[in-house]
Amino acid sequence: ILPGSGSVQQRHESFKNQFVIPKDKLDVVFKAAIEECRTRTKLHIELPVNESFAIEYVTKKAWSGYNWFKGNSHSLIQMNTDLPIFIDRAVDLAAHEGYPGHHVYNALLEQNLLKKNGWMEFSVYALFSPQSLIAEGTANYGIDVVFTPEERRSFERDVLFRLAGLDASKVEQYYMIHALFMKLAYAGNEAARGYLNGTMTKDEAIQWLIDYALFSRE
C-alpha cells in the first residue's frame, strides 16, 4: 500500500513527509486542535473556572512535547520544533498534554486534593512514581475520550489539514497507513531495552529502529 520504490522504510518516510505541518502553520494548527479538545472535554469533565493553557515553541530538547504545570490551574506546553511534526500529532499532543490529559489531570489534583483538602504532598509531582503511570495512561486514553476515530478523521480533514495546507483528500490513506505503522511501536521498547541493558550497541539499536520501527537514520 506504500507508493514508490525502495525499502519499506524509505517509502514510508517519503509518504509521511507529505504530512509534516509547516513551521509557520504550527501555531494555528495546534491552537485549533487544543480548542476542539477543550470543547469536547467540557462535555465530560467540569473544569476549574480559571484554568488556562499556553503553548511555547522550543528547540534542543530530548522530547517532542512536554507539559509544565505552573499552578493555579495554568499549564505551559512546549513543542520541540527541531523534529518534524506530523499532522496526526496535533490532536495527540493537544489531548495528551492538554485536554483531557496532563493539564486537566493536574488542575483537578490541585483543585480537589491540594486546595480543597489541603493535602500539601500534592503540591509536589514525583515524575518517576506510580502517579506518573496513572498520568501517562489517562493522558493517552484521553485522546479516545474526546474523539472517536471517525470524529477525529473528520475534524482533521475538514479543519487541521486545511489550516496546515495539506492535501485533505489523502486523510483515509494516511490513517490506514498510520494505523499499521502504530502496530510497530513496541519495536522502540525493544531497542531501548537492548541498548540500556547492553545487549545492543548504539549502531545495532539504530539499525533495529530503521528495520522494525521504520525510523529514518536521522
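On a predicted model such as this, the values are computed, not experimentally measured, just so you know.

1. A few points about the packing of aromatic side chains
How two aromatic rings sit relative to each other is given by the distance of their centres and the angle of their planes.
Then comes step 1: Scanning all chains against the criterion turns up eleven aromatic pairs.
Then comes step 2: Between Phe15 and Phe19, the aromatic rings sit 5.2 Å apart at their centres with planes inclined by 55 degrees, giving tilted as the arrangement. The same class applies to Phe15 as to Phe19, namely buried.
Then comes step 3: Relative to Tyr99, the ring of Phe53 has its centre 5.5 Å away and its plane inclined at 55 degrees; by these criteria the two rings are tilted. With a gap of 46 residues between them, Phe53 in strand 1 (residues 52-58) and Tyr99 in the loop between helix 3 (88-98) and helix 4 (102-116) connect regions that are remote in the sequence. Of the two residues, Phe53 and Tyr99, both sit in the buried class.
Then comes step 4: Here a set of aromatic residues connected by ring pairs shows up, and it is made of Phe15, Phe19, Phe161, Tyr174 and Tyr175.
Then comes step 5: Cation over ring: Lys16 sits above Phe86, and NZ or CZ is 3.9 Å from the ring centre.

2. Here's the deal with helix 3
Then comes step 1: Here helix 3 lies mainly inside the structure; ten of its eleven residues are buried.
Then comes step 2: Considered for burial, the residues of helix 3 that qualify are Asp88, Ala90, Val91, Asp92, Leu93, Ala94, Ala95, His96, Glu97 and Gly98.

3. Concerning the sheet that holds strand 3 (residues 74-80)
Then comes step 1: Within the open sheet, the three strands sit side by side as 1-3-2. Their pairing is mixed. The sheet terminates laterally at strand 1 and strand 2 (65-71), the two strands that pair on one side only. Pairwise comparison of adjacent strand axes, ignoring direction, gives a mean angle of 20 degrees for this sheet.
Then comes step 2: Summarising the sheet, strand 1 and strand 3 pair through seven bridges and their orientation is parallel.

What counts, and at which threshold
Each residue is numbered by its place in its chain's sequence as written, counting from 1. For a predicted model such as this one, the threshold for reporting local features is a pLDDT of at least 70, and the threshold for listing and counting side-chain atom pairs is 80 or more; totals across whole chains, interfaces and linings nevertheless cover every residue. Excluding hydrogens and water, the side-chain figures rest on all heavy atoms present in the structure. Aromatic rings from Phe, Tyr and Trp, with only the six-membered ring used for Trp, were paired whenever their centres fell within 6.5 Å, and each pair was classed as stacked if the ring planes differed by under 30 degrees, edge-to-face if by over 60, and tilted otherwise. Note on classification: 1.4 Å probe, protein chains only; a residue is buried when its accessible area is under 20% of the maximum for its type, exposed when over 50%, partly exposed between these limits. We count a stretch as a helix when DSSP gives it H or I for four or more residues in a row; a strand needs E for two or more, and each element gets its number in order from the N terminus. When the NZ atom of lysine or the CZ atom of arginine is within 6 Å of a ring's centre and also within 35 degrees of its normal, the charge is said to sit over that ring. Two strands pair if DSSP finds at least two bridges between them. Every axis corresponds to a line fitted to the C-alpha atoms, with the helix fit spanning only the stretch in contact, and the corresponding angles, defined between N-to-C directions, vary from 0 to 180 degrees.

Taken by themselves, the reported measurements are silent on function.
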